[in-house]
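This is what each chain is made of:
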Protein chains: 2
Amino acid sequence: MRYITLLALFLSGQLFAADPLPSWNDTAPKQSIVAFVEKVSKEGTPDFVPPAERIAVFDNDGTLWAEQPMYFQLFFAIERIKALAPQHPEWKEKEPFASLLRGDVKAALAGGEHALVQIVMATHAGLTTEEFEKIVSDWAANSKHPKTGKPFTQMVYQPMLELLTYLRANNFKTFIVSGGGIEFMRPWTEKVYGIPPEQVIGSSIKTKFELRDGTPVLARLPELNFIDDKEGKPVAIQQHIGRRPIMAFGNSDGDFQMLEWTTAGKGPRLALIVHHDDAQREYAYDRGSHIGKLEKGLDEAPQRGWSIISMKNDWKNIYP
Amino acid sequence: MRYITLLALFLSGQLFAADPLPSWNDTAPKQSIVAFVEKVSKEGTPDFVPPAERIAVFDNDGTLWAEQPMYFQLFFAIERIKALAPQHPEWKEKEPFASLLRGDVKAALAGGEHALVQIVMATHAGLTTEEFEKIVSDWAANSKHPKTGKPFTQMVYQPMLELLTYLRANNFKTFIVSGGGIEFMRPWTEKVYGIPPEQVIGSSIKTKFELRDGTPVLARLPELNFIDDKEGKPVAIQQHIGRRPIMAFGNSDGDFQMLEWTTAGKGPRLALIVHHDDAQREYAYDRGSHIGKLEKGLDEAPQRGWSIISMKNDWKNIYP
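In this numbering scheme, every chain counts its residues from 1 along its sequence in written order. Throughout, the order in which chains and ligands are written sets their labels, letters from A for the former and numbers from 1 for the latter. Note on the predicted model: pLDDT of at least 70 is required for a residue's local features to be given, and 80 or more for side-chain atom pairs to be given and counted; whole-chain, interface and lining totals, by contrast, use all residues. Values reported for side chains reflect all heavy atoms of the structure, with hydrogen atoms and water molecules removed beforehand.

Caption draft 1: How the structure looks around the packing of aromatic side chains. Each aromatic pair joins two rings of Phe, Tyr and Trp (for Trp, the six-membered one) with centres within 6.5 Å, and gets the label stacked for planes under 30 degrees apart, edge-to-face for over 60, and tilted for any other angle. Following the criterion strictly, the structure yields 37 aromatic pairs over all chains and no others. Consider the rings of Phe58 of chain A and Phe249 of chain A, whose centres lie 4.6 Å apart with planes at 0°: the pair is stacked. Here Phe58 of chain A, found in strand β1 (residues 55-58), pairs with Phe249 of chain A, found in strand β5 (residues 247-250); they are 191 residues apart in sequence, far enough to count as distant. Taken as a pair, Phe58 of chain A and Phe249 of chain A share a single burial class, namely buried. Here the aromatic rings of Tyr157 of chain A and Trp315 of chain A are separated by 5.5 Å at their centres, their planes lie at 50°, and the arrangement is tilted. Here Trp315 of chain A lies in the segment after α13 (311-314) and Tyr157 of chain A lies in the loop between α7 (129-142) and α8 (158-169), a separation of 158 residues in the sequence. Each member of the pair, Tyr157 of chain A as well as Trp315 of chain A, is classed as buried. By way of ring pairs, the aromatic residues Trp65, Phe72, Phe75, Phe76, Phe132, Trp139, Phe152, Phe184, Trp188 and Tyr193 of chain A are connected into one cluster. In this scheme, Lys NZ or Arg CZ marks a charge over a ring once it lies within 6 Å of the ring centre and within 35 degrees of the ring normal. When the ring centre of Phe256 of chain B is taken as origin, the NZ or CZ atom of Lys296 of chain B, which lies over that ring, is 4.2 Å away. Only DSSP runs of H or I covering at least 4 residues are called helices, and only runs of E covering at least 2 are called strands; the numbering of each starts at the N terminus. Under the scheme applied here, a residue whose accessible area is under 20% of the maximum for its type counts as buried, over 50% as exposed, and between as partly exposed, the area being computed with a 1.4 Å probe on protein chains only.

Here is the structure:
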């Protein structure tokens, strides 16, 4: 009986530790991640980090899921504009709405930051938090990427999903720290990434507690609360986590300060940048890109000891 | 041998489940807490709540630790004023500092909210987050309550410590949601309550990411960011946790909206109010009090189904 059990285990491969990162090639990024995790987990050594302090932070757009041909949250906003248009006949004459309704995103965004804020406020405010959550959940379940035809929530990177699971198996807490909307991410991050809402940090608008017919609601107001990008990322990390991460993953210069803040801490630290250099399987962009521009990070990574993940060379698979 | 082991276990009481709440009398509050935890933990029943959604929120001042004769954070601020006074000769002539330096707290606070904000900004801003953390840690380690002579961090309620442990053993996540300063609590909550910094929510001032001689710091600015009290508590719960709690504990009307928000959710919910009615062992105050005023909560608890915890009748012990 005992022999049979042993044989069964052997045949099922369970006598050997399974590779926790099968979608990663055995190149420098994977090696540095595994070496780091093993190092901080070894009790009794100077590099040991207690589980409570094993905080890993991840940008979302371009790091955990794709961000081309434009941020997915913008697809969501445009869908909302179209759905709301019948209640807003004035949008037909008013930018940036008029252009969006004609399908001309480029013209709509020509209005720069002001146009973007108008789009966000028209589509993300004026609802309760519960109403907004339902709308985002519906969008996540039903909307598809225009190029691949996959649901947006499947445009996530398989190697990063494996990495999140691997880190949590080693007692890391995994947080998202994204420029995207905090309430735009929370309805689906637990299912897709295994990251619960309290570990999602993002940009936000203000909310207000109100009683409506005696029932308390949180009303989403058309007023910016926080932009979780660049210098904002360390600020938000402190506000939400209250502890400096020991690992950080980003893909654009919007993540630079997060990586800088992470690696300036004492003791073992690891920072990695996902480099979109795979035009065949995903997209190739960095210095010149309007979305996910990566310039300073590429220039300074070597001297700062940050690793660059080449999607082309370091990842066996892109999507699940 | 086996018999001896069994006997030893029997004698040590380990054959019976140990009471997880030994400092609670077997009265209504304890019964309702245990019944609630057992109910939401029973898989396959309509009241079952998945572990990820078992969020319990706790006010701090007056709920987890004492708040008399004044908020402990004010003792901290006064100590800081005294330490900083040599660098601020102008404080000798300037209120509220002059009164505080003379030891007249009442006169200092006569300036109302404006005076309080001045005290907070003078003592909590102008430092980096790391410098502030060290100062708070030193204070927590060395300062003592004027009446009991205990360190402030031992002026915590033993029944609540047991409750926190009991909830976490049943896969609850325990959060602090306090009007106190978020960075004033974080340096000691993990050690004292087992609550890590990322599960501490509080009031805050703004911070700014800066490079000082090439090293990134977060500078604490003399500007309010958020007041985590009354209507602010549900707002902060949404911002930090992103999910409605199923259990809430408070002690004053500053917690009213948090309990209201918690119990307005669908499914099983439990709200309890710690009532300071034990002048002998702690303090007795509610309706008339300047600190921890409890009036609306007392009036409305019965019709809302919120339980009142009588410190006098429901707790066997107060402090550890």
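Caption draft 2: Quick look at the interface of chain A and chain B. Contacts are assigned to residue pairs with any non-hydrogen atoms lying within 4.5 Å of each other. With 35 residues of chain A in contact, the opposing surface of chain B contributes 35 residues. Salt bridge, as used here, is a side-chain nitrogen of Lys or Arg placed within 4 Å of a carboxyl oxygen of Asp or Glu. At the junction of chain A with chain B, the criterion picks out six salt bridges. Between Lys173 of chain B and Glu198 of chain A there is a salt bridge, with the nearest N and O atoms lying 2.3 Å from each other. Under the rule applied, a polar contact is a pair of N or O atoms within 3.5 Å (in protein, one hydrogen donor and one hydrogen acceptor; residues adjacent in sequence only if both atoms are side-chain atoms). The interface formed by chain A and chain B holds 18 residue pairs in polar contact (both at pLDDT 80 or more) in total. Elements with a contribution of two residues or more to the side of chain A that touches chain B: α7, β2 (173-181), α9 (182-193), β3 (200-212), β4 (215-226), α10 (232-240) and α11 (256-263) of chain A. Of the residues that constitute the side of chain A that touches chain B, the class distribution is 15 nonpolar, nine polar and 11 charged. In this count, Pro and Cys sit with the nonpolar residues alongside Ala, Val, Leu, Ile, Met, Phe, Trp and Tyr, while Asp, Glu, Lys and Arg are called charged and the others, Gly among them, polar.

Caption draft 3: Geometry of the sheet that holds strand β1 (residues 55-58) of chain B. All names here are of chain B. Taken in spatial order, the seven strands of this open sheet run β4-β3-β2-β1-β5-β6-β7, and their pairing is mixed. Two strands bound the open sheet, and with one partner strand each, they are β4 (215-226) and β7 (307-310). Here the strands of the sheet are splayed against their neighbours by 35° on average, with no regard to which way each runs. Between any two strands, at least two bridges found by DSSP are needed for them to pair. With three bridges joining them, β1 and strand β5 (residues 247-250) adopt parallel strand pairing. Directly across from Phe58, in β5, lies its bridge partner Phe249. To obtain an axis, a line is fitted to C-alpha atoms, over the contacting stretch when the element is a helix, and the angle between two such axes runs from 0 to 180 degrees between their N-to-C directions.

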